[in-house]
Amino acid sequence: MSARRMATLAAAALLLAGCGGGGASSGAGPGPGSAQTGTAATVDEGTSFACPDPQDDAPMTGADTLPTGATAALLCFHANRSAWVPPRGRLSTGLDPLVRLVNAQRVHDPVADGACGGVGAAAWRMVLEYDDGTRTIAGDNGGCWDLVVGSSERFGAKHVWQSYLSALRRQRQRQGSPDVIFPPATCPAHRRDLASYSPLADAGRLQTAVVCSIDGQQQTRLTSTQLDALRHEFATAAHRRTDLEGAFSCHRLPPRSSVAIVGVDGWGDPFTVLTQCDTYRVWQPADGDHLFARMLPSTARMLGRLLAS
């Protein structure tokens, strides 16, 4: 295998790895434990139910536990080195179990638990709406105690993240996709934005998509027939699982061919599928993980024609 080919695949793999917002904690922090006993679970009165500025690092306010009785919740992006996009819509079901899960996460004891840290996964804020105000908590899935509730620092950010996404996915399944026409997908202006994704985006239910060059500068909008083909491709990807090594073997496309398929699903959530030869990596929202898959011959032929045009 040539050094150039290995470098090409390594670069693509780095881009793909950049979209993994659900990475495991770098520390060995405990999971759920006993609830923190705090002061009265008050809310921030008069604050709006909306995502805060992603760059805002202001300390969390309020008591060290959340009150039950929330009417809605929003998962919000917080700026760090991991690119992701919050799933559209508010969560309005299953809120009391989510709040109880937050309160059950064990408080981090710097003396007893030792040093802890990590980078490379999603950082987030969650805003909960109550009849008389809101509460905001913070999480970072790359650490091992980075769940902040009031002044308390806890383990378990990833548990809360996954619980929110699971509840929103169940809510979507009950309600069905909205009868809304979302803006068409477009290639990003910057290469780094090719890693952006929503953790609930379902490529198997794409509504619009474009094929972009890896530098993001060229795009080809797909026809309805091509969209149907990709919808089938991604919905059946689990049946053609491979691994990273599979990308070294190009069966149906030239070795140096790679594109980004940028799309929007039926709920308006964006996704990016990066390809290497006739292998690609696609996010599976039901599993909360990526998988590598080998393209169907018909999909490889379609992309080959697009690359040749």
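In this text the structure is predicted, and so the values were computed from the model without any measurement.

Undergrad: What should I look at first to understand the layout of surface pockets in this one?
TA: Over the atoms rolls a probe the size of a water molecule, and its path tells where empty space is left. Put simply, the largest pocket is a space of about 340 Å³. In terms of lining residues, the largest pocket is bounded by 18 residues, among which Arg169, Asp202, Arg205, Pro285 and Ala286 are the most central. Residue assignment for the lining of the largest pocket shows that the elements contributing at least two residues are helix H4 (157-175), helix H5 (224-235) and strand E11 (279-284). If you tally residues by element for the lining of the largest pocket, the top one is H4, at 3 residues. In the lining of the largest pocket, the residues fall into 10 nonpolar, 3 polar and 5 charged.

Undergrad: In this structure, what is going on with the environment of Ser48? I would like to understand it.
TA: Here Ser48 shows up in the loop between helix H1 (3-17) and strand E1 (72-78). For the pair Ser48 and Glu129, spaced 81 residues apart in the sequence, the C-alpha separation amounts to 8.6 Å.

Undergrad: Is there a simple way to explain the packing of aromatic side chains in this structure?
TA: Here a ring pair, both rings aromatic, is described through the centre-centre distance and the interplanar angle of the planes. Summed over all chains, the structure comprises 5 aromatic pairs. Linked through ring pairs, Phe77, Trp84 and Trp161 together constitute an aromatic cluster.

Undergrad: What am I meant to see in the nonpolar core here?
TA: Side chains of nonpolar character tend, in soluble globular proteins, to be buried together. One finds Trp124, Met126 and Tyr164 to be the most contacted residues of the largest nonpolar core, which totals 29 residues. Within the residue set of this core, elements represented by two or more residues are E1, helix H2 (95-104), strand E2 (123-130), strand E4 (147-149) and H4. The leading source of residues in this core is H4, at 7 residues. In this structure, Met126 is in contact with Leu74, Leu75, Leu98, Arg135, Thr136, Ile137, Val160 and Tyr164, ignoring residues within four places of it in sequence. Of all hydrophobic cores here, the second largest spans 24 residues; its members include Leu206, Leu230, Tyr280 and Leu306.

Undergrad: Before we go on, may I ask you to explain H5 in this structure?
TA: Side chains of residues three or four places apart in an α-helix project in the same direction, reflecting 3.6 residues per turn. Between its first and last C-alpha atoms H5 spans 16 Å; for 12 residues at 1.5 Å apiece the expected length is 16 Å, and the two agree. Taken together, the buried positions of H5 are occupied by Gln226, Leu227, Leu230, Glu233 and Phe234. Along the axis of H5, the buried positions cluster into a sector of 120 degrees, meaning they face one direction only. Opposite the packed face of H5, turned more than 90 degrees from it, sit the exposed residues Ser224, Thr225 and Ala235.

Undergrad: Explain helix H6 (residues 297-308) here, please?
TA: Under the 1.5 Å per step criterion, the end-to-end length of H6 is 16 Å for 12 residues, consistent within 8% with the ideal 16 Å. Buried within H6 we find Thr299, Ala300, Met302, Leu303 and Leu306. For H6, the buried positions fall inside an angular range of 160 degrees around the axis, keeping them on one side. Those residues of H6 that are exposed and angled more than 90 degrees off the buried face are Arg301, Arg305 and Ala308. Residues of H6 that are buried sit in contact with strand E6 (206-212), strand E7 (219-221) and H5.

Undergrad: Just to check I follow, could you spell out the side chain of Arg172 for this structure?
TA: Topologically, Arg172 is positioned in helix H4. A polar atom in the side chain of Arg172 sits 3.0 Å from the side chain of Asp269. Arg172 has contacts with Pro87, Arg88, Leu200, Trp267 and Asp269, leaving out every residue within four places of it along the chain.

Undergrad: What should I look at first to understand the pattern of salt bridges in this one?
TA: Side chains that differ in charge, positive against negative, can pair when their charged atoms come close. Under the counting rule described, the total for this entry stands at 7 salt bridges. Measuring nitrogen to oxygen at the nearest pair gives 3.6 Å for the salt bridge that ties Arg205 to Asp202. Among the residues examined, Arg205 registers a relative accessible area of 45% and is labelled partly exposed. Overall, the relative accessible area of 24% leaves Asp202 in the partly exposed class.

Parameters at a glance
- Residues numbered from 1 in each chain as written.
- Predicted model: local features only at pLDDT ≥ 70, side-chain atom pairs only at ≥ 80, totals over all residues.
- Heavy atoms only, no water.
- 1 Å grid on protein atoms, 1.4 Å probe; cavity = no way out; pocket = protein on both sides within 12 Å on 5 of 7 lines; lining within 4 Å.
- Points joined across faces, edges and corners; volume = space filled by probe spheres on them.
- Helix = DSSP H or I, 4+ residues; strand = E, 2+ residues; numbered from the N terminus.
- Nonpolar A, V, L, I, M, F, W, Y, C, P; charged D, E, K, R; others polar.
- Phe/Tyr/Trp six-rings, centres within 6.5 Å; stacked < 30°, edge-to-face > 60°.
- Core = buried A, V, L, I, M, F, W, Y, C linked by side-chain atoms within 4.5 Å.
- Buried < 20%, exposed > 50% of the residue type's maximum accessible area, 1.4 Å probe, protein only.
- Contact = heavy atoms within 4.5 Å.
- Expected span 1.5 Å × (residues − 1).
- Arc of directions from axis to C-beta.
- Polar contact = N/O pair within 3.5 Å; in protein donor to acceptor, adjacent residues only side chain to side chain.
- Salt bridge = Lys/Arg side-chain N within 4 Å of Asp/Glu carboxyl O.

In short, geometric facts, not functional conclusions.
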